[in-house]
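# Examining the three-dimensional arrangement
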Amino acid sequence: MKPLSNPQLSKLLLALFALSVASGCAEEDQPANLVLISIDSLRADHVHTYGYDRETSPNLDAFGEGGVVFEEALSPTAWTLQGHASMLSGRTPRVCMTSEENLRVREQVPLLAELLKAKGYRTGAVHSAHFLKAEFGFDRGFDSYQFFKNKKSKWDLQDEANRKLIASVGQEPFFLFFHFMSVHTPYDPPKEHSIFERPYSGVLNREKNGEQVGSIFEGEMSIDEHDRDYLIDLYDQAIHHTDRRVGALLQELYDHIDLSRTYIMITSDHGEEFMEHSSILHTRTLYEEVLRIPMMLRGPTVPNGARVTTRASLVDVVPTLLELLSLPAPPGLNGQSLVPSWGPDATDPPPLELATYYPKMRASKWGLRTSTHKLVLDMNTGEKFLFDLEADPEELINLYPSPESEELEALLRQHSEPKYGTEMNVSAEDLEELRQLGYVE
Ligand SMILES: [Zn+2]
């Protein structure tokens, strides 16, 4: 058998998906619509409905009350490109990424917009992250794909583009993706959101916080607790500001679309660090402050006010949304549908494979997270960590080596080590499915 080139394989996977839609799951009614909202860098424990004492997020809280809140939602990674690749592909970063010259989503991996486009959906996106630009592969499947720089002067323009995109939807089913970057550094919310700011005099300068946080991240500047608290205040205000932007977007949706036919999910690509483990921002560690994200869902078949405590993750987004839209999942996904999680048949999911590779720092970590433990291997230094998340939720005591770490490492090593420059291996199972359909010999 000749190996398939990337574009060939991508076409085959999409054809396979379209065929399964046509043969098995055709609906008489028009399919439901979908809206996915990503709030970059939003850690769950700074969202009020996730237990934060500050009221940072009135609009998110209200949204959650009208649907399902996944209390234990995780990113499998630590930064924007990999987090969104997992969110939009249903695969872990090891599987869906490549880093030849530029980090890109692997071409063979179908993205949610492509899958929905194949089913006749109209697709549109408005985003604000450099690493979500078309050059990284994220525009695939979108009829329109607009980028706005994350700058104070551009926020109104982006919000206006959001409104126009909503106003443009017609009779056909639609998938809209909205991404907000205004929680990310520089923390620069308008002054009217300065409601959490404690008096501060120290080395940090509000106007230069983006640059300064970069220096702290690089180890060129050190801060004390007082400085850190100031950054947390700014971060919380950025959340409050972004929550208002998201609230305006939700209102626009509520006013203009048929909610009885539309699913809306809100989540984030990763969290943020504030020196809990001597690091700031995100990208190079896999601690809970980086992994734990909000995830909320509402729609016609989603219960109101449900709080799900079984583990969820970004790799579950695609299978969940496809199930809600009565569409089959393509082969090879690493996640599973969360629909059973709010019903009587909720079960604990399999361990989540973690990986972060940040080229600028050459940081590379690989791990596994169960509901109670986390194994992390530092692929550069060879250091290994095991944390008991129940006994030690702050991840301060390294239990490696131990019987648990041996077991988890054996499980992790059933996968090949992440090699970001190599081609994706198509699993034997996927190949068999393609073979049975006559796509490969
Ligand atoms: Zn991000």
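Keep in mind the model is a prediction, meaning the values are calculated, not measured.

So, on to the overall build of the protein. When helices and strands are counted, the protein shows twelve helices and 18 strands. Going through the 441 residues of the protein one by one, you find that 57% of them count as buried. Look at the contacts in the protein between residues 6 or more apart in sequence, and 71% of them connect residues 24 or more apart. By element, 48% of the accessible surface of the protein is carried by carbon and sulfur atoms, the whole surface being about 18400 Å².

Confidence along the protein averages 89 in pLDDT terms, with 87% of residues attaining 70 or more. Between residues 20-27, whose pLDDT stays under 50, and residues either more than four places distant or in other chains, the model counts ten contacts. Predicted confidence for residues 437-441 stays below pLDDT 50, and this span has 15 contacts to residues more than four positions away or in other chains.

The coordination sphere of the zinc ion contains the protein donors Asp40 (OD), Thr80 (OG1), Asp269 (OD) and His270 (NE2), at a distance range of 2.0 to 2.1 Å. For the zinc ion, the four donor atoms in the first shell make angles of 97 to 117° at the metal, so the coordination geometry reads as tetrahedral. Mapped onto the sequence, the residues coordinating the zinc ion show the spacing D-x39-T-x188-D-H. One end of the pair, Thr80, is in helix α3 (residues 80-89); the other, Asp269, is in the loop between β9 (262-267) and β10 (273-274), with 189 residues separating them in the sequence. Here the two residues Thr80 and Asp269 agree in accessibility, since each one is buried.

The next thing to look at is the side chain of Glu273. Relative to the elements of secondary structure, Glu273 occurs in strand β10. Arg284 provides the closest opposite charge to the buried, salt-bridge-free Glu273, at an N-O distance of 5.6 Å. Of the polar contacts made by the side chain of Glu273, one reaches the side chain of Thr285; its length is 3.1 Å. The residues touching Glu273, leaving out its near neighbours within four places in the chain, are Arg43, Ser279, Ile280, Leu281, His282, Thr285, Tyr287, Glu289 and Val290.

The next subject is the layout of surface pockets. Considered as a void within the structure, the largest pocket measures approximately 570 Å³ in volume. Taken together, 21 residues line the largest pocket, and the ones lying closest to its centre are Phe131, Met181, His184, Thr185 and Tyr358. By residue number, the principal contributor to the lining of the largest pocket is helix α7 (residues 209-217), which donates three residues. Per-class residue counts for the lining of the largest pocket are eight nonpolar, ten polar and three charged.

A word on the packing of helix α6 (residues 152-167) against helix α8 (residues 225-256). Between α6 and α8, the least distance of the axes is 10 Å, while the angle of their chain directions is 20°. In terms of axis orientation, α6 runs roughly parallel to α8. When you trace α6 past α8, the crossing you get is right-handed. For the pair α6 and α8, the contacting residues are Trp155, Gln158, Asp159, Asn162, Arg163 and Ile166 in the first and His241, Arg245, Leu249, Glu252, Leu253 and His256 in the second.

A separate point is the nonpolar core. Within the largest apolar cluster, 54 residues are counted, with the highest numbers of intra-cluster contacts made by Leu36, Phe70, Leu112, Leu116, Phe175, Phe177 and Met295. The greatest single-element share of this core, amounting to five residues, is contributed by helix α10 (residues 317-324). The contact partners of Phe70, leaving out residues within four places of it in the chain, are Tyr50, Met295, Met296, Leu297, Val308, Ala312, Leu338, Ser341 and Trp342. Counting residues in each nonpolar core, the second largest holds 45 residues, with Tyr52, Leu234, Ile280 and Leu281 among its members.

So, on to the pairing of strand β8 (residues 174-180). Among the seven residues that make up β8, seven are buried, leaving the element largely enclosed by the rest of the structure. Neither face of β8 is open: one carries Phe174, Leu176, Phe178 and Phe180, the other Phe175, Phe177 and His179, and all of them are buried. Bridge count for strand β1 (residues 33-39) against β8 is six bridges, and the pairing is parallel. Bridge pairing in β8 places Ile37 opposite Phe178. Inspection of the sheet shows strand β6 (residues 122-127) paired to β8 by five bridges, in the parallel sense. Note that in β8 the partner of Gly124 across the bridge is Leu176.

Let us look at the packing of helix α2 (residues 58-65) against α8. At a minimum axis separation of 7 Å, α2 and α8 run at an interaxial angle of 45°. In this view, α2 runs oblique relative to α8, as classed from their interaxial angle. Residues Pro58, Asn59, Leu60 and Phe63 of α2 pack against His240, Asp243, Arg244, Val246, Gly247, Leu250 and Tyr254 of α8. Grouping the constituent residues of the contact of α2 with α8 by class yields six nonpolar, three polar and two charged.

Structurally, Pro300 can be placed in the loop between β12 (295-298) and β13 (306-308). In this structure Pro300 comes out as partly exposed when scored by relative accessible area, which is 41%. With 39 residues separating them along the chain, Pro300 and Arg261 place their C-alpha atoms 6.4 Å apart. With residues up to four places along the chain from it excluded, the contact list for Pro300 reads Leu259, Ser260, Arg261, Thr262 and Tyr263.

Turning to the sheet that holds β8, a few remarks are in order. Ordered by their spatial adjacency, eight strands build an open sheet running β7-β6-β8-β1-β9-β12-β2-β13, and the pairing between neighbours is mixed. Looking at the sheet topology across the chains shown, the edges are occupied by β7 (144-147) and β13. Between one strand and the next, the sheet's axes are offset by a mean angle of 10°, whatever the strand orientation. In this structure, β6 lies alongside β7, joined through four bridges in parallel fashion. The residue bridging His127 from the neighbouring strand is Phe147, located in β7. Where α2 meets the sheet, it contacts β1, β2 (68-70), β9 and β12, and its direction lies at approximately 50° from that of β12.

Here is what the cut-offs are and how they apply
- Within any chain, residue numbers begin from 1 and follow the written order of that chain's sequence.
- In keeping with the model being predicted, local features are shown solely for residues with a pLDDT of at least 70 and side-chain atom pairs are shown and tallied solely at 80 or more, while totals for entire chains, interfaces and linings include all residues.
- Each side-chain value is derived from all of the structure's non-hydrogen atoms; neither hydrogens nor water enter the calculation.
- Helical segments are the DSSP runs of H or I of at least four residues, strand segments are the runs of E of at least two, and each set is numbered from the N terminus.
- Throughout, exposure labels follow a simple rule: accessible area from a 1.4 Å probe, protein chains only, divided by the maximum for the residue type, with under 20% read as buried, over 50% as exposed, and the rest as partly exposed.
- Whether two residues are in contact is decided by their heavy atoms, any of which lying within 4.5 Å being enough.
- Accessibility throughout is a Shrake-Rupley quantity obtained with a 1.4 Å probe, and a residue counts as covered only by protein chains that appear here.
- Per residue, pLDDT measures the predictor's confidence, with a range of 0 to 100.
- Each metal site lists N, O and S donors within 2.8 Å (3.2 Å for Na, K and Ca). With water left out of the atoms, a site can look as if it is missing ligands.
- Geometry is assigned from donor-metal-donor angles: four donors are tetrahedral when every angle falls between 85 and 135 degrees, four are square planar and six octahedral when opposite donors sit over 155 degrees apart with all other angles between 65 and 115, and any other arrangement is irregular.
- Note on charges: Lys and Arg go in the positive column, Asp and Glu in the negative column, and His and the chain ends are not counted at all.
- Definition used for salt bridges: Asp or Glu carboxyl oxygen within 4 Å of a side-chain nitrogen of Lys or Arg.
- Side-chain atoms alone can form a polar contact between residues adjacent in sequence; in general such a contact is a pair of N or O atoms within 3.5 Å, and within protein one must be able to donate a hydrogen while the other accepts it.
- A 1.4 Å probe that fits into a set of points on a 1 Å grid over the protein atoms alone but cannot get out defines a cavity; an open set with protein on both sides within 12 Å along at least five of seven lines defines a pocket, and lining residues are those with an atom within 4 Å of a point.
- Grid points are joined across faces, edges and corners, and a volume is the space filled by probe spheres set on the points.
- Gly is placed with the polar residues, together with every amino acid not listed as nonpolar (Ala, Val, Leu, Ile, Met, Phe, Trp, Tyr, Cys and Pro) or charged (Asp, Glu, Lys and Arg).
- Note on geometry: axes are C-alpha line fits, over the in-contact stretch for helices, and angles between N-to-C directions span 0 to 180 degrees.
- For classification purposes, angles smaller than 35 degrees are called roughly parallel, those larger than 145 roughly antiparallel, those between 65 and 115 roughly perpendicular, and all remaining angles oblique.
- Helix crossings are classified by the rotation of the near helix relative to the far one: an anticlockwise turn of less than a right angle makes the crossing left-handed, while a clockwise turn makes it right-handed.
- Put simply, a nonpolar core is a bunch of buried Ala, Val, Leu, Ile, Met, Phe, Trp, Tyr and Cys residues held in one set by side-chain atoms that sit within 4.5 Å of each other.
- Criterion used throughout: strands pair if DSSP finds at least two bridges between them.

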